[in-house]
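Fold and contact review
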Amino acid sequence: MFSSDSYAKMFTDMMSEGFIFIDNKGKIQLYNNKAKEIFGITYSQGASHRSGKIEEGDIVIIGDNCLGKDDGNMTPEALGFIGIHDRGIQLGDAIVAVGKYGSKKEVRPLYKYITPDYDTSVLELHCTFSGLQISSVIDFKNKNISLIVNNEKYTMPYINYIGHVVVIDGYSKELKFYQTHGYTARGEALYDILTGKKFMAKGENSEMLNVIGKDIFEIHKGSSTIEDFYAAATGEDISYENQFNEINGRPTICTLMPVNREGKRVGAVLKVEDISEIKRVIRQRDEALLNLEQMERKLREESDANKLMPEILGESKEIINVKRLAAKASKSNSTLLILGESGTGKSMLARAIHNNSKNRNKPFIHVNCGSIPENLLESELFGYEGGAFTGARASGKAGMFELAQGGTIFLDEIGEISLSLQIKLLQVLQDKTFYKIGGSKNIEVDVRIIVATNKNLEEEMLAGRFREDLYYRINVFPIWIPPLRERKEDIYPLVQNMLPSICEKIGCETKRISGEALNLLLAYDWPGNVRELENILERAVNLSEGNTILSNHLAIKKGKKEKKRETYEIRPLKDVINDAERRAIVEAILANNGDKKSAMKALKMSKTSFYEKLKKHKIELS
């Protein structure tokens, strides 16, 4: 039905969910790009290696958190391939091991195993084997397995179970194979590798597994969902919508529907949405919130809210809440998302959090992602090797992530990053590792990541301009800074703090502000927030000749109380209507925090009419 329809393939490749169609014989006829991504049919990230198979003398490093589960039905006996013949090892045990494939008795394998329970936190093996520094670490709390060979780290996160493996050529000591997401579909589970099955190449130009025409059970093994899928395709009346199921060890939301043509069953379709990343992030968020609750008790004992984070100025309940959250964030190492309009002080808050953290003596690197051209941003963030591109330094260059080692990197205006670069940033957030441009070495960094934006990322995500998995990854600990118009009681302490600094910078005596001028500041709506306040004060200090700033020194329009109502200019009705129209649109945009879509709805205007008016009145608010 779909197999010869190029339009169906093109349409399904545009979908944000995985889409699979099998015929009434269980053969795959359509498998869209998203399904390939979910189940690891394609893999181009990370280190490269050629295709091949394991051979005698190769060095094998293993980390398996539950022998026999999601590892190709691994058995204790199969460990004999690397010289482990221990009758104490049972199915369900966790094991870390290193040995030589087809090894003789004189080459002894090294291994540890346990029967894990709820309290088990880690199982690790560190050793020197055949001249290589090797580690195999199962982190049960954070749910990942790391295999390390001479400081090259290969980490696999998991939801329930996983069998991780790295193979090193026994003669050249070069990487021969490492496990990645999607190993079940590619037939590269731990047991498959040990029993000599061929594995595919990895890297930018590696081959893609062609699944079209293959039996569905060849790609997806041992899943009740796939059994239902096959049964529906071959004639049984099975269908459901948005049901939670696990496929190849990945948690998914599935919709299953039989497909009939002219009253005859011709197959079935399965729509799949991957929720593994969401589950992992929710778990991490829950853990972070639990830690934050414990920290909150300590913070209550330390001082009252007004004494927290003295760098953040203001006494309003809104800014006190920001201080509380910032103080908690400074004690945590979770990724932090700072939200707020332009000029609210997001970069100042990020620096204050760093200065109050345990890493205060380490680097704080501020990167404005919106001010760096897109074609340069990747090299600025991740660096490059010598000769990586035309014009590159021969010695290469360290990126911002490397420069922030041990400290904090602040990615301002993250909403401006391109989708292609978002993928690489997601990798750093997940594994704290990356490759330089033109590099082959996986670089590991220990940095606190703080990001900020003045955009509505949920809307950006729905519009397809921001990746959903990246959004959930950075939204672990959000802090919203309210605009200045919503906390006008902070204007006076801000002015009292800013004026001495401004006067010192200009080189004049400290000036004060008159009551009338202060009332004018309080009546203003501050579309530019704290940054605009600072600019207006600096201009006023330059204009005022005495030691007092008066209302006429302030470059803002007077509030309603200062308007003279006795006389007014009569203007043409058309001009009055245009002014009122422009004011209504601007106020609607500001009232909705710059969200033009919500402003459009509030004004009950069509999209075409709304944007025509923006162009007509030259309104450029964002």
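Preceding this section is the structure that the text describes.
The following paragraphs examine the structure supplied in this document. If you're wondering where the values come from, they're calculated on a predicted model, not measured in any experiment.

About the cut-offs
- Residues numbered from 1 in each chain as written.
- Predicted model: local features only at pLDDT ≥ 70, side-chain atom pairs only at ≥ 80, totals over all residues.
- Heavy atoms only, no water.
- Helix = DSSP H or I, 4+ residues; strand = E, 2+ residues; numbered from the N terminus.
- Buried < 20%, exposed > 50% of the residue type's maximum accessible area, 1.4 Å probe, protein only.
- Contact = heavy atoms within 4.5 Å.
- Areas by Shrake-Rupley, 256 points an atom, 1.4 Å probe, with all protein chains shown as cover.
- Salt bridge = Lys/Arg side-chain N within 4 Å of Asp/Glu carboxyl O.
- Pairing = 2+ DSSP bridges.
- Axes fitted to C-alpha atoms, helices over the stretch in contact; angles between N-to-C directions.
- Core = buried A, V, L, I, M, F, W, Y, C linked by side-chain atoms within 4.5 Å.
- Arc of directions from axis to C-beta.
- Expected span 1.5 Å × (residues − 1).
- Disulfide = S-S within 2.5 Å.
- Phe/Tyr/Trp six-rings, centres within 6.5 Å; stacked < 30°, edge-to-face > 60°.
- Lys NZ or Arg CZ within 6 Å of the ring centre and 35° of its normal.
- Polar contact = N/O pair within 3.5 Å; in protein donor to acceptor, adjacent residues only side chain to side chain.

**Regarding the overall build of the chain**
Scanning the chain from N- to C-terminus turns up 20 helices and 25 strands. A total of 622 residues make up the chain; the buried ones form 48% of that total. Looking at the chain alone, contacts between residues at least 24 apart form 62% of all its contacts between residues at least 6 apart. Surface summary for the chain: the accessible area is close to 32,300 Å², and the carbon and sulfur share equals 48%.

**Structural notes on the pattern of salt bridges**
Considering all chains together, one arrives at 18 salt bridges under this definition. A salt bridge links R485 to E341; the shortest N-O distance between them is 2.6 Å. Of the two residues, R485 sits in the loop between β23 (477–480) and α15 (491–506) while E341 sits in the loop between β15 (336–339) and α9 (346–355), which places them 144 residues apart along the sequence. Given the relative accessible area of 13%, E341 is considered buried. A salt bridge links E416 to K455, with the nearest nitrogen and oxygen atoms 3.2 Å apart. Taken together, the residues span a long stretch of sequence, with E416 in the loop between β19 (408–412) and α12 (419–431) and K455 in the loop between β22 (448–453) and α13 (457–462) at a distance of 39 residues. Accessibility expressed as a relative area gives 28% for K455, which makes it partly exposed. Through salt bridges with shared partners, a single network forms among E55, D58 and K176.

**Looking at the sheet that holds strand β2 (residues 28–31)**
The strands making up a sheet are joined through hydrogen bonds of the backbone, oriented either antiparallel or parallel. The five strands are arranged β2-β1-β14-β13-β12 in an open sheet whose pairing can be described as antiparallel. Looking at the sheet topology across the chains shown, the edges are occupied by β2 and β12 (240–247). The average angle at which neighbouring strand axes cross in this sheet is 25°, direction not considered. Of the strand pairs in this sheet, strand β13 (residues 250–261) and strand β14 (residues 264–274) are connected by ten bridges, and their pairing is antiparallel. Note on β14: the bridge partner recorded for N260 is R265. The strands that helix α6 (residues 224–233) touches are β1 (18–23), β12, β13 and β14; relative to β14, the one it contacts most, it runs at about 155°.

**A word on the pairing of strand β11 (residues 175–178)**
In the sheet, strand β10 (residues 163–168) pairs with β11 via three bridges, with the strands oriented antiparallel. Each residue of the ladder has a partner; that of V167, found in β11, is F177.

**Considering the nonpolar core**
Formed by 32 residues in total, the largest nonpolar core has its most connected members in V367, F401, I409, L411 and I474. At the level of secondary structure, the elements contributing two or more residues to this core comprise β16 (364–368), α10 (374–382), α11 (400–403), β19, α12, β22, α13 and α14 (468–474). Apart from the residues within four sequence positions on either side, F401 is in contact with L381, F382, I409, L411, L425, V428, F434, V445, V447 and I449. Formed by 27 residues, the second largest nonpolar core is a distinct cluster that contains V96, L125, Y158 and A189.

**A few points about helix α16 (residues 515–523)**
Among all positions of α16, only A517, L518, L520 and L521 are buried. The buried residues of α16 occupy an angular sector of 155° when projected down its axis, which confines them to one face. Tucked inside the fold, the buried residues of α16 contact α15, β24 (512–513), α17 (529–543) and β25 (548–549).

**A closer look at the environment of L457**
With respect to the element layout, L457 can be found in helix α13. A residue is classified by how much of its surface remains accessible, and L457, at 4% relative accessible area, is buried. Considered as a pair, L457 and R467 are ten residues apart in the sequence and their alpha carbons are 9.4 Å apart. Other than its neighbours up to four places away in sequence, L457 contacts L337, G415, F466, Y471 and I474.

**Here we look at α12**
Taking 1.5 Å as the rise per residue, α12 with 13 residues should run 18 Å; its terminal C-alpha atoms sit 19 Å apart, in good agreement. Those residues of α12 that fall on the buried side of the exposure criterion are L421, Q422, K424, L425, L426, V428 and L429. Where α12 is buried, its residues contact α10, α11, β19, β20 (433–435), β22 and α14.

**Let's talk about the state of the cysteines**
This model, assessed by the stated rule, comprises zero disulfides. Free of any disulfide, C503 has its nearest neighbouring cysteine sulfur in C508, separated by 4.0 Å. Relative accessible area serves as the criterion here: at 0%, C503 is assigned to the buried category.

**Some thoughts on the packing of aromatic side chains**
Within this structure, the stated rule accounts for twelve aromatic pairs. For the ring pair F81 and Y101, a centre distance of 5.8 Å and an interplane angle of 15° mean the geometry is stacked. Of this pair, F81 sits in the loop between β3 (59–64) and β4 (94–100) while Y101 is found in the loop between β4 and β5 (110–114), placing the two residues 20 residues apart along the sequence. The partly exposed category is assigned to F81, whose relative accessible area is 31%. A ring pair is formed by F610 and Y611, whose centres lie 5.4 Å apart and whose planes are at 85°; its orientation type is edge-to-face. The class of F610 is buried, set by a relative accessible area of 0%. One residue, K202, lies across the ring of Y178, its end atom 4.7 Å from the ring centre.

**Digging into the side chain of K436**
Within the secondary structure layout, K436 lies in the loop between β20 and β21 (442–444). Polar side-chain contacts of K436 include one of 3.3 Å to the side chain of E402. With sequence-adjacent residues up to four places away left out, K436 is seen in contact with F382, G383, Y384, E385, K397, A398, E402, K424 and I443.

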